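Okay, here's what each chain looks like letter by letter:
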Amino acid sequence: MKNIIRLLRIKHYIKNILVLVPLAFMGNNIELASLTASLLGLVAFCLICSCIYIVNDAKDIEKDRLHPTKKNRPMASGAVSVKLGIFFAVLCFIISCGIVAYLIIFKNVGKASIVWFLLYFVLNLLYSFGLKNIPIIDIIILMSGFLIRILFGAVIANTFVSSWLYLTVMSGAFYFALGKRRNEILKISSSGQTRKVLAVYTHNFLDKFMYVSLAMANVFYALWAKEYPKKYMIFTVPLVVVICMQYSLDVEGDSDGDPVEVVLKDKKLVVFSILLAIMMGGILFV
């Protein structure tokens, strides 16, 4: 069971909290129907992510065995057979699609939800089977995963996404994706190259655009906070900047650049994030 949980990469579900962001910004206008639909949508997105993770692990099993950390993944290490892994991938796909279909048919959720949902699945499937080897395209797909979560959540909650928030998430996602590739390059010397695309990227290119994206994300967030109907939202900007500083400090250290790993390994970053959540909760609901 422990290996199955690792196979599903449950700790990476933290990224799917983005699905609930549009709902949260409805504040005291949240209705029970929207809350229920959003929570079910979150479950569906978590399952489709697990499906993609398993397919990717099965596809890259030989390469992962050459990587210093990926070799410990359930299928790469032999703890879980490829056949069993694919079974769970299919199961996750069927259940997740069933949940979205239920929301559309019985809960009157917008049909665009299935479009965003399947777009995420198809893009990441194509990523696993080759697009991850095409420079820039691989980063765009990594970015799109964060953005689609927000857009899917907005449709599920029957609300809209502010243009500034859209741009904030997009820029921040580019920062995460570029940072991941940047640190993979830094670890080539000790781990061996496991991605073809890393032969094309340079450290300077990734480093430069990584921090351009971060600067854009901070500016867009500040503009969003300034225009948000509740005036105290602007006071969250300094804390967001501090979180970005702490995250950058971690990425500049001995990290592989994976956003989830960076956040969960840094207690200060976790505390700052919790403080931001509490602060936003107070502004939105009190």
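The following refers to the structure shown. (Residues numbered from 1 in each chain as written. Predicted model: local features only at pLDDT ≥ 70, side-chain atom pairs only at ≥ 80, totals over all residues. Heavy atoms only, no water.)

## Thoughts on the packing of helix α11 (residues 203–227) against helix α12 (residues 237–251)
Formally: Angles shown run from 0 to 180 degrees and are taken between the N-to-C directions of axes, each axis being a line fitted to C-alpha atoms and, for helices, limited to the stretch in contact. Counting from the N terminus, the helices are DSSP H or I runs at least four residues long and the strands are E runs at least two residues long. The scheme is simple: roughly parallel for angles under 35 degrees, roughly antiparallel for over 145, roughly perpendicular for 65 to 115, oblique for anything else. Less than a right angle of anticlockwise turn of the near helix away from the far helix marks a crossing as left-handed, whereas a clockwise turn marks it as right-handed. By the convention used here, residues are in contact when the closest approach between their heavy atoms is within 4.5 Å.
Look at α11 against α12: their axes get within 10 Å of each other, and the N-to-C directions meet at 165°. By the angle between their axes, α11 is roughly antiparallel relative to α12. Judged by the sense of rotation from one axis to the other, the crossing of α11 with α12 is right-handed. On the side of α11, the interface is formed by M210, Y211, L214, N218, Y221, A222 and A225, while α12 contributes V237, V240, V241, C244, S248 and V251.

## Details of a nonpolar patch on the surface
Using the following cut-off: Patches in this entry comprise residues that are over 30% relatively accessible and not in a salt bridge; like charges within 9 Å are linked, as are nonpolar side chains (Val, Leu, Ile, Met, Phe, Trp, Tyr) within 5 Å. Methods summary: accessible areas were calculated by the Shrake-Rupley approach with a probe of 1.4 Å, and residue burial reflects only the protein chains presented. For this analysis, a salt bridge means a side-chain nitrogen from Lys or Arg found within 4 Å of a carboxyl oxygen belonging to Asp or Glu. Any residue under 20% of the maximum accessible area for its type is buried, any over 50% is exposed, and the rest in between are partly exposed; the area is computed with a 1.4 Å probe on protein chains only.
Together, V82, I86, V90 and I94 give the surface a local cluster of nonpolar side chains, amounting to about 310 Å² of exposed area. Residue position: V82 is located in helix α6 (residues 82–106). Classification of V82 as partly exposed rests on a relative accessible area of 37%.

## Let's talk about the side chain of D138
Positionally, D138 belongs in helix α8 (residues 137–157). Relative accessible area serves as the criterion here: at 0%, D138 is assigned to the buried category.

## Looking at the pattern of salt bridges
Taken as a whole and judged by the stated rule, the model has eleven salt bridges. In this structure, D57 and R9 form a salt bridge, with 2.4 Å as the shortest nitrogen-oxygen distance. Remark: R9 occurs in the loop between α1 (2–8) and α2 (21–24) and D57 occurs in helix α3 (residues 32–59); sequence separation between them is 48 residues. The residues D57 and R9 share a single accessibility class, namely buried. The salt bridge partner of R181 is D138, with a shortest N-O separation of 2.7 Å. With a gap of 43 residues between them, R181 in helix α9 (residues 163–186) and D138 in helix α8 connect regions that are remote in the sequence.

## Thoughts on the environment of V82
Considering only alpha carbons, one finds V82 and I148, 66 residues apart in sequence, at a separation of 29 Å. In this structure V82 touches A58, I61 and M75, once residues within four positions along its chain are discounted.

## Description of the state of the cysteines
Structurally, a disulfide amounts to a covalent bond that connects the sulfur atoms of two cysteines. Note the following rule: Note on terminology: disulfide denotes any pair of cysteine sulfur atoms within 2.5 Å.
Taken as a whole and judged by the stated rule, the model has zero disulfides. In this model C46 remains outside any disulfide bridge; the closest cysteine sulfur is found in C49, 6.6 Å from its own.

## Focus on the nonpolar core
Here is the rule we go by: The set of buried Ala, Val, Leu, Ile, Met, Phe, Trp, Tyr and Cys residues whose side-chain atoms join them within 4.5 Å is what this entry labels a nonpolar core.
By size, the foremost hydrophobic cluster in this structure holds 42 residues, and its most contacted members are F25, L165, Y221, W224, M233 and M280. If you list the elements that add at least two residues to this core, you get α8, α9, α11, α12 and α14 (267–285). What F25 contacts, discounting residues up to four positions off in sequence, is L165, W224, Y228, M233, M280 and L284. Grouped together as the second largest cluster of nonpolar side chains are 38 residues, C46, I48, F88 and F117 included.

## Concerning the packing of aromatic side chains
Rule in force here: Here a Phe, Tyr or Trp ring, Trp counted by its six-membered ring, pairs with any other such ring whose centre lies within 6.5 Å, and the pair is stacked when the planes are under 30 degrees apart, edge-to-face when over 60, and tilted otherwise. By definition here, charges over rings are those cases where NZ of Lys or CZ of Arg is within 6 Å of the ring centre and within 35 degrees of the ring normal.
For the structure shown, the criterion picks out 20 aromatic pairs. A ring pair is formed by F117 and F152, whose centres lie 5.8 Å apart and whose planes are at 35°; its orientation type is tilted. You can see F117 sitting in helix α7 (residues 112–128) and its partner F152 sitting in helix α8, a full 35 residues away along the chain. Relative accessible area serves as the criterion here: at 0%, F117 is assigned to the buried category. On the numbers, 5.7 Å between centres and 45° between planes, the contact of Y175 with F176 is tilted. The class for Y175 is buried, based on a relative accessible area of 4%. A cation over a ring is seen here: R149 above F146, with NZ or CZ 5.7 Å from the ring centre.

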